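# Secondary and tertiary structure notes
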Amino acid sequence: MRYMPHTALEREEMLAEIGVGSIDDLFADIPEEARLGDLLDLPLHESEMNVEKNFRTLAAKNLSPYSAPCFLGAGAYQHHVPSVADHVIQRSEFLTSYTPYQPEISQGTLQALFEFQTQVALITGMEVANASMYDGATSCAEAVLMACRVTRRKKAVISGNLHPHYRDVTRTTLQFTEFETEDLSPMLEGDEDFDTRITPDVACVVVQTPDFFGRLKDYTALAEKCHEAGALLVVVVNEVVSLGAVKSPGEMGADIVAGEGQSIGVPLSYGGPYVGLLATRQKYVRQMPGRLCGQTVDQNGQRGFVLTLSTREQHIRREKATSNICTNAGLCSLAFTIHMSLLGETGFAKLAALNHSQAVTLAEMLEKIDGISIVNDSFFNEFTLRLPANAAMIVEKLASKGILAGVPVSRLMPDNPDMANLLLVAATETCSDSDMNAFVTALAEVL
Amino acid sequence: MLNNKGRPTQPVAVDNGEISIETFTGNMGLRLESPLIFEQGMPGRIGVDMADPRPVKVRLGGLERKGPIGLPDLSEPQVLRHFVRLSRQNYAIDAGFYPLGSCTMKHNPRINEKVARLAGLGDLHPLQPTSTVQGALELIDDLAHWLKTITGMPAVAMSPAAGAHGELCGVMAIRAAHEANGESRTRILVPESAHGTNPATAALCGYKVEAVPARKDGRMDLEAFAEKLGPDVAGVMLTNPNTCGLFETDVKKIADMVHEVGGYFYCDGANLNAILGRVRPGDLGVDAMHINLHKTFSTPHGGGGPGAGPVVLSDALAPFAPIPYVVHNDSGFDLVEQAEGQAQKSFGRMKGFHGQMGMFIRALAYMQSHGADGLRQIAENAVLNANYVRVGLNDKLHSPFDGICMHEALFDDSTLKGTGVTTLDLAKAMIDEGYHPMTMYFPLVVHGAMLIEPTESESRQTLDEFIGAMRHLLDRAAAGDTDYFLGAPHYAPRRRLDETAAARNPVLRYTPPAPTEGEETAFSAAS
Amino acid sequence: MSYKFTKDHEWVLLEGDVATIGISDYAQGQLGDVVYVEVPEVGKEISKADELAVVESVKAASEVYSPVSGEIVAVNSELEGEPTMVNEDAMDKGWFAKIKITDASELDDLMDEEAYKAFIEGLE
């Protein structure tokens, strides 16, 4: 077997060194009746060539969004990943290194994390960010737990226009704790009424921008309302490219920003691994979950970086830790950092402007089709279409024509009849003019 | 109140604080420094070319960003060189031996990276119609089959994103099962030697955590366990093989005992590598166990993630599994995405979308490469290697527990007593010898613990050299060469770092100089 | 007026009905460089053996349990900016909290300086 160096002879010699007669002697502590005599009922080892073939066969059964016009979003967005980002994360020293607990031989990972934390803090308009969470949805749940610790209150009010996965993950994570959520219903028109819900027991209000339907919202007034009542405002951003174009949550007065960083540097990969972002104010840093990288100096006085404030974490604080998280999204945060470094101020703003112009162009084309209207009064690169027919069925029809038309809202909000004809449509820099034309033509045909 | 782990974390000034960097640039030959990316920018550069935005009627609802963000502008070669220089300051399994106990740092095959990037796998959108992703769903189903077969368990929840997330999944399933029975139990029993994630997870599920002491042979004390058991115990969380590298010989009895009081047996599967193909957790009475795909099945650790932590479940817990999951019906594969119908007992959703697909692909490629025969060989060689290291060092270092170990060898620091050298100092000297340090000060139950897990990937030659280096260092410590150890590492990209200063005055980001006024962003120029 | 000590290495100094609490010099030495001290809220009622504060070094967080019951009337908020005071002056400027006690007899079981000295010698 190509991954294991020992020859049969070496195994024999090593057993002799150890002073046992056979391999079985090393497993003598396993209860006899549970020991496996035969091999597991699974195929035998395969050559690299055959393994690759197996996966090519599986891949051929899928429709790649890169070989079809694709307008899918709803929390995961198709963006171009620069080849430098994917190359660097495959360098052995990043790909196959452990968590940087030994800072003297992990400065590469640590400095990159410090840069990641800074980039996330800058784009969200916050003071500090951690070294990543699993994804946007888990980051949202952690933000709520954190708000409850900071305020010593027990209830979170959750916007109905939050991505349903984020709402569900938050509810699931809190269900056995002393904390609870009040989930509002989705609203297609008008603003949600938070004022009457921010009671003295409320730890935080959780909102999203652009919201699940793609609408941009200014939460400045809501932030003030929260602060007056001693509550925190948690703002969720699941399309971070939007932050290149619009006012940041920090400028609105957010206390915690929970985000999904997939759009920058991380491939779609059928839903994971992605990279959760969590940013906040410096004063709340000791209540933050997850790893944090900090700057310091070494024995020679040279600048260096270490994981710090570890006493918040499970490996030291155990049952009193701020979170049980250990492994996070290390390599995805590196991909994010590299892609963001390539973009820079100029490129990030340009990418955002490009995405918006793509979406506006597509929206204007779609609005011309009879019977279709756009729900949004504002949007970044994704909007909600109201179709004259069931959106899920339209999506299936278009898929059979080789077009990935968008996400039917009913897939994420299945029990709400108001949502049956709504379709979420995203247009990023990856959509060509011919993609848009093909979509608009095909949609007009199937309606 | 106070426990002292004996971890000096501030630099010890042994060179009179002399700075040994003598070059003009601060580089030292192939050791190349790179300033922060924020210190390298020049406004107007760009590292990604893209089309100019069309002039359109802006529909941002009046929320246009007004000021600059503060990101530096760089070209592609600058960014590439920066991150390549950073990479060279890292230790990595590709470059050297990582005897890091409890972490299973093994070879990461490159075919896994290649297939994870195939068009039609790595680029799928999670919300494509299921009719367009039948191959992806088949892949998840296939991996689930391998995991169930390897563990001898009837069900598996695929969505947890890492080991600790898997623990949360398992303990939530346990709590949901108790609640479905109308029971409100309050306590979870956890051995003293457990990973920190175990008590942290139990606490997140609203359980009170009670530690069970170990016996003199390093296994859980059954008498103490029996005393703590009762009708209010929701379950036990046990790592097996345990964090001392020992198989819990009474594991079946432990399972029976916890089942007898109506509790469940959660097994921390961090150490599954040691038993692949030799014993199935399902035959030991386990109700739930997470599997760290980034340990046992070699998805790269990536400097701290991403991981994946699928959880195998017994029949009793399976109905409570989180959504989503893959099902197979007449028309092919489908996803159950809502907690209703057949999933009505599900305790909910743990993450966005369907799980760590990128890790699933790599893990399945790894399993197919090994096959049933190779998987068994993994466990055998991993245990062989650990025992080889144990025997190679046990006249120099003291093992707190006698006899054969599983995949990792545990030592305490008693032989260092009186030398002025601590476990930490020894570890830092290992860096100078070209090794990543072993796991230190864990498990907490052993004084100055050193936990060495060689994994099956390492050759006998590597182990012999490592044993030789360790023996050399231990002799050097015994001979009183304390200063050498206190100053180590001498040859790493950095000397010891001042962790106390970092924690007292946390600097968690670069602070940019005040922005220049009147700067236009590309967006305002475009609109 | 003299220091009393617990087996968990806290000291208590009673003046009238107000007890000042800190950790002993021996304790700070064992703990190493203190990087953070989490002190309780003023006004909080606390019972003997409840968690009073948390002292953090780089790699350890140690709970400090209250040796007495009563109401917290003052906390040493200077520790937030200068946790080093615990290392530099554990027995005086490094105090954690003042508690208005409800039961003076709770101090009866505690060690005096001499007994504590003997106690820590026994630990060596």
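Within each chain, residue numbers correspond to sequence positions counted from 1 in written order. Chain letters and ligand numbers both follow the written order, the letters beginning at A and the numbers at 1. Restriction of local features to residues with pLDDT of at least 70 applies here, the model being predicted, together with a cutoff of 80 or more for giving and counting side-chain atom pairs; totals for whole chains, interfaces and linings are based on all residues. Hydrogens are left out, water is left out, and the side-chain values use all remaining heavy atoms of the structure.

### Side note on the environment of Leu229 of chain B
Residues and elements named next belong to chain B. Helix and strand labels come from DSSP, where a helix needs a run of H or I of at least four residues and a strand needs a run of E of at least two; each type is numbered from the N terminus. Along the polypeptide, Leu229 turns up in the loop between helix H6 (222–228) and strand S4 (233–239). Burial status follows relative accessibility: with a 1.4 Å probe on protein chains alone, a residue under 20% of its type maximum counts as buried, one over 50% as exposed, and anything between as partly exposed. A relative accessible area of 15% means that Leu229 is categorised as buried. What makes two residues a contact is simply this: any of their non-hydrogen atoms within 4.5 Å. Leu229 has contacts with Arg187, Leu189, Met257, Val258 and Val261, leaving out every residue within four places of it along the chain.

### Comments concerning the sheet that holds strand S8 (residues 70–75) of chain C
All names here are of chain C. In this scheme, strands are said to pair when DSSP sees at least two bridges between them. What the six strands build is an open sheet, ordered S1-S2-S3-S9-S8-S5; its pairing is antiparallel. What marks the edges here is a single partner per strand, and that holds for strand S1 (4–5) and strand S5 (45–46). Direction of pairing for S5 relative to S8: antiparallel, over a ladder of two bridges. Considered in S8, the bridge of Glu45 is made with Glu71.

### Looking at the packing of aromatic side chains
Planes of paired rings set the category: under 30 degrees apart is stacked, over 60 is edge-to-face and the rest tilted, where pairs are Phe, Tyr or Trp rings (Trp by its six-membered ring) whose centres lie within 6.5 Å. According to the stated counting rule, one finds 19 aromatic pairs over all chains in the structure shown. Ring centres of Tyr274 of chain A and Phe353 of chain B lie 6.1 Å apart, and the angle between their planes is 70°; this geometry places the pair in the edge-to-face category. Of this pair, Tyr274 of chain A sits in the loop between strand S6 (256–260) and strand S7 (276–280) while Phe353 of chain B sits in the loop between strand S9 (332–336) and helix H8 (357–393), placing the two residues on different chains. There is no split in this pair, since Tyr274 of chain A and Phe353 of chain B are both buried. Between Phe97 of chain B and Tyr435 of chain B, the aromatic rings sit 6.1 Å apart at their centres with planes inclined by 85°, giving edge-to-face as the arrangement. Of this pair, Phe97 of chain B sits in the loop between helix H1 (76–87) and helix H2 (110–116) while Tyr435 of chain B sits in the loop between helix H9 (423–432) and strand S11 (439–440), placing them 338 residues apart in sequence. A relative accessible area of 3% means that Phe97 of chain B is categorised as buried. An aromatic cluster is built from Tyr3, Phe5, Trp11, Tyr116 and Phe119 of chain C, whose rings are joined through pairwise contacts. Above the plane of the ring of Tyr207 of chain B lies Arg175 of chain B, whose end atom (NZ or CZ) is 5.6 Å from the centre. We call a charge positioned over a ring when the NZ of a Lys or the CZ of an Arg lies within 6 Å of the ring centre and within 35 degrees of the ring normal.

### A look at the UniProt feature "domain: Glycine cleavage system P-protein N-terminal" (unreviewed entry) in chain A
UniProt positions are given in the numbering used here, feature names are shortened, and annotations may be inferred rather than shown by experiment. The feature "domain: Glycine cleavage system P-protein N-terminal" (unreviewed entry), as annotated in UniProt, sits at residues 1–440 of chain A in this numbering. Secondary structure across residues 1–440 of chain A divides into 36% helix and 13% strand, with the first and last C-alpha atoms of the span separated by 53 Å.

### Digging into unusual backbone geometry
Cis rather than trans, the peptide bond between Gly272 of chain A and Pro273 of chain A has omega equal to 0°. Along the chain, Pro273 of chain A falls in the loop between S6 and S7. Going from Phe442 of chain B to Pro443 of chain B, the amide bond is cis rather than trans, its omega being 0°. For Pro443 of chain B, the position within the fold is in the loop between S11 and strand S12 (450–452). Within the chain, Phe353 of chain B stands out as a residue other than glycine whose phi angle is a positive 65°.

### Quick look at the packing of helix H6 (residues 107–124) of chain A against H1 of chain B
To define axes, lines are fitted to C-alpha atoms, for helices over the stretch in contact only, and angles between the resulting N-to-C directions are given on a 0 to 180 degree scale. Relative to each other, H6 of chain A and H1 of chain B sit at 135°, their axes nearing to 7 Å. Here H6 of chain A lies oblique to H1 of chain B, going by the angle between them. Taking contact as the criterion, the partners of Gly108, Gln111, Ala112 and Glu115 of chain A in H6 of chain A are, on H1 of chain B, His82, Phe83 and Leu86 of chain B. Here is the rule for angles: anything less than 35 degrees is roughly parallel, anything more than 145 is roughly antiparallel, 65 through 115 is roughly perpendicular, and the remaining ranges are oblique.

### Quick word on the confidence of the model for chain B
Think of pLDDT as the predictor's per-residue confidence, scored from 0 to 100. In the predicted model, chain B carries a mean pLDDT of 93, and 93% of its residues have values of at least 70. Note that residues 1–8 of chain B has pLDDT below 50 and, in this model, 24 contacts with residues that lie over four places away or in other chains.

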